[in-house]
Amino acid sequence: MSKKYESLKIDRNEITPKNLYFSRRQFIRAAGLAAGGALLAACTPSSSTPTASTTQVGPTPTYIRTHYKDELGNFSTKPDDIKNYNNYYEFTTNPQGVAALAKDFPTSPWEVQVYGLVDEPRNFSVSEMEQHFKPEERIYRLRCVEAWSMVIPWIGFPLSRVLEAVKPTSEAKYVRFETIFKPDEMPGQKDSSYPWPYQEGLRLDEAMNDLAILATGLYGGDLPPQNGGGIRLVVPWTYGFKSIKAVVKIELVSEQPATLWSAIAPNEYGFYSNVNPEVDHPRWSQSSERRIGETHRRPTLMFNGYEDQVAYLYKGMDLRKYY
Amino acid sequence: MKKQIDWPRLAVHIGAWGTLLVMAVRFLTNTLTANPILTLERHTGKAALIFLILSLSCSPLSAILGIPALRRRKKALGVYGFMFAAIHLLIFLGLDYGFKLALVWMDVSNKLYIWLGAAAFLLLLALAITTFKKMKQALKKNWKRLHRAVYIISPLVVLHFILIEKGNILTLQGNLKEPLIYGSVVLLLLLLRLSPIKNGLTNLRVKLQQHSRTANPV
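Not measured: the values here are computed from a predicted model.

Definitions and limits used
- Per-chain numbering applies: the sequence of each chain, read as written, is numbered from 1 onward.
- Chains and ligands are labelled by the order in which they are written, letters from A for the one and numbers from 1 for the other.
- Residue-level local features of this predicted model are given only where pLDDT is at least 70; pairs of side-chain atoms are given and counted only at 80 or more, and the full residue set underlies all totals for whole chains, interfaces and linings.
- Excluded from the side-chain calculations are hydrogens and water; all other atoms, namely the structure's heavy atoms, are used.
- Stacked, tilted and edge-to-face pairs are distinguished by plane angle, under 30 degrees for stacked and over 60 for edge-to-face with tilted covering the rest, among Phe, Tyr and Trp rings (Trp via its six-membered ring) whose centres lie within 6.5 Å.
- Between buried and exposed lies partly exposed: a residue is buried under 20% and exposed over 50% of the maximum accessible area for its type, with that area taken using a 1.4 Å probe on protein chains only.
- Placement of a positive charge over a ring is assigned whenever Lys NZ or Arg CZ falls within 6 Å of the ring centre and within 35 degrees of the normal to the ring plane.
- Nonpolar side chains (Val, Leu, Ile, Met, Phe, Trp, Tyr) within 5 Å and like charges within 9 Å form the patches, drawn only from residues with over 30% relative accessible area and no salt bridge.
- Every accessible area reported is derived by Shrake-Rupley at a probe size of 1.4 Å, with residue values counting cover from the shown protein chains alone.
- Salt bridge, as used here, is a side-chain nitrogen of Lys or Arg placed within 4 Å of a carboxyl oxygen of Asp or Glu.
- Positive charges come from Lys and Arg, negative ones from Asp and Glu, while His and the chain ends are left out of the count.
- Taken as the charge centre is NZ of Lys, CZ of Arg, CG of Asp or CD of Glu, depending on the residue.
- Only DSSP runs of H or I with at least four residues qualify as helices, and only runs of E with at least two residues qualify as strands; both kinds are numbered from the N terminus onward.
- Here, any two strands with at least 2 DSSP bridges between them count as paired.
- The angle between two axes is taken between their N-to-C directions and runs from 0 to 180 degrees, where each axis is a line fitted to C-alpha atoms and a helix contributes only its stretch in contact.

> Residue-level account of the packing of aromatic side chains, with values.
Scanning the model with the defined rule gives 27 aromatic pairs over all chains in all. The interplanar angle of 20° and the centroid separation of 6.5 Å between the aromatic rings of Tyr 239 of chain A and Phe 241 of chain A together place this pair among those described as stacked. Residue Tyr 239 of chain A shares its accessibility class with Phe 241 of chain A, and that shared class is buried. The ring of Tyr 306 of chain A has Arg 141 of chain A sitting right over it, with the charged end atom 4.2 Å from the ring centre. Directly above the aromatic system of Tyr 97 of chain B lies the positively charged group of Arg 297 of chain A, at a separation of 4.1 Å from the ring centroid.

> Quick rundown of a positive patch on the surface? Include the residues and the values.
All names here are of chain B. A cluster of basic side chains, namely Arg 71, Lys 74, Lys 75, Lys 133, Lys 136, Lys 141, Lys 144, Arg 145 and Arg 148, defines a positive patch on the protein surface. Going through the elements one at a time, α3 (74-96), α6 (133-139) and α7 (141-147) are the ones with two or more residues in the positive patch. Examining the composition of the positive patch, we find that three residues originate from one element, α7, more than from any other. When its relative accessible area of 56% is taken as the criterion, Lys 144 is described as exposed.

> Describe the pattern of salt bridges, and please don't skip the residues or the numbers.
Considering all chains together, one arrives at 26 salt bridges over all chains under this definition. The residue Lys 166 of chain B makes a salt bridge to Glu 146 of chain A at a minimum N-O spacing of 2.5 Å. Residue Lys 166 of chain B is found in the loop between α8 (150-164) and β1 (167-168), and its partner Glu 146 of chain A is found in the loop between β5 (136-143) and β6 (148-158); the two belong to separate chains. Of the charged contacts in the structure, one is a salt bridge between Arg 298 of chain A and Glu 294 of chain A, with a shortest N-O distance of 2.8 Å. By relative accessible area, which is 24% here, Glu 294 of chain A ends up partly exposed. Salt bridges linked by common partners bring Glu 136, Arg 138, Arg 161 and Asp 210 of chain A together as one network.

> Can you break down the environment of Pro 8 of chain B residue by residue, with the values?
All names here are of chain B. With respect to the secondary-structure elements, Pro 8 resides in helix α1 (residues 7-28). In this structure Pro 8 comes out as partly exposed when scored by relative accessible area, which is 45%. Along the sequence, Pro 8 and Ala 69 sit 61 residues apart, while their C-alpha atoms lie 8.5 Å from each other.

> Can you explain the sheet that holds strand β8 (residues 199-203) of chain A? Please cite residues and give values.
All names here are of chain A. Strand order across the open sheet formed by five strands is β4-β3-β12-β7-β8, with mixed pairing between neighbours. At either end of the open sheet lies a strand with only one pairing partner, and these are β4 (122-125) and β8. For this sheet, the mean angle separating the axes of adjacent strands, direction not counted, is 20°. Judged from the five bridges that link them, strand β7 (residues 174-179) and β8 form a sheet pairing that is antiparallel. Within β8, the position partnered with Phe 177 by the bridge is Glu 200.

In short, the description is geometric, and any link to function would need to be established separately.
Below you can see the structure in the form of structure tokens.
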């Protein structure tokens, strides 16, 4: 049983310098061959060996792959789809409208307060975190509770590294996360149908699992505002709403914290929210899903396919009761 | 004699076919979000509800506002409501589930929203089949009874809509604004059919018209 994230072994030949990748994409677009198959055909083995790029600034990696696969061999979702179909009610409930509304939302500089039942509370800027906690690429499946899914190449670091740095006390049992509250810049936060700001939580052992990351990048670049920039949580074995965006507060607490969706409808959204094809949402099924970019439905996997890495967290728990 | 163009009639047909054309073009050019099938399901469902509401509004508005021509649009609007409902169902079964009916059954047979939607569709189907003159003559008195089902269909569709949204109907929290707006319109239109309300408003309109006539004699 492996609890660590393992990416698919990649062939060095599949790695392309970032600048070359973008010029290729533009070329391919111009040629009207943007279809996935053509993209692959055009970009595979002939790629040159990586060389250090001098134009690269900041913590984003120097190389990005021409195409990404998760550890099960699924191709990543197109960047345009990831960046233009967002469930982010702080801006709008229309997933297609978020990108435009979030366009000017400032994500840098960004600061996160880590506090509560810890010995060394402190505020981190995202750039500090990127220096200290060694971001890496994680290609994760994201399963929305609305029965669609994506495969997303995040850049992030395990949440456990941040928690270890602030030294939780023995009373700390849960981690509470809070989204930034800026109703003037996030028009959806003026809608009183939701108890803003958005909140989420994890049990401490869930938070310490290696798969739970704080993401600051996407597809080799910065994390766009519509995807949760400055910094967001990504918990790939739970439904997407658990992966809270634009995080400004991380608090270690002793009691199970409230979450926005379980506060609205406690009988429909539990604290754990594990992806589970066996346990339906009370009003609709969760047994299958549509991967964005595909036309057929695929069966939904237990713990979104991360059973080996996370099942130990829920051993002996009735997942129908603790949904 | 020059034949006059019936603008309201034309507007109904253009509205319906135009809506369908825009949906089809957006689907075929892949500009219907990254999740086109779900989006198309939602758009066709909403179109069905809007046409049903428009159809439902014809009778009370024609009486209250004194525009008899409105009443003649009722049938076409209702048939278009049925058309969008049928497309909505076909997209759900065909595009969404690839006509794998066993999978559909496994996924939704224990879900209330599906049964409300199915009931609304079957009632609409019955009304659509009997919409023709011959059927009306054959059914005689029963035709009117059957077509009273429109009063049930719209509330069923609104409930079907509420149940697929993330939210809590008891506290009104969550993403329920849109279905609740449609629901309020349906409720209002049903209230306008109650004879005290309908007659009261109609009399008020007649009085106002008489008043303006006496105030501004021609």
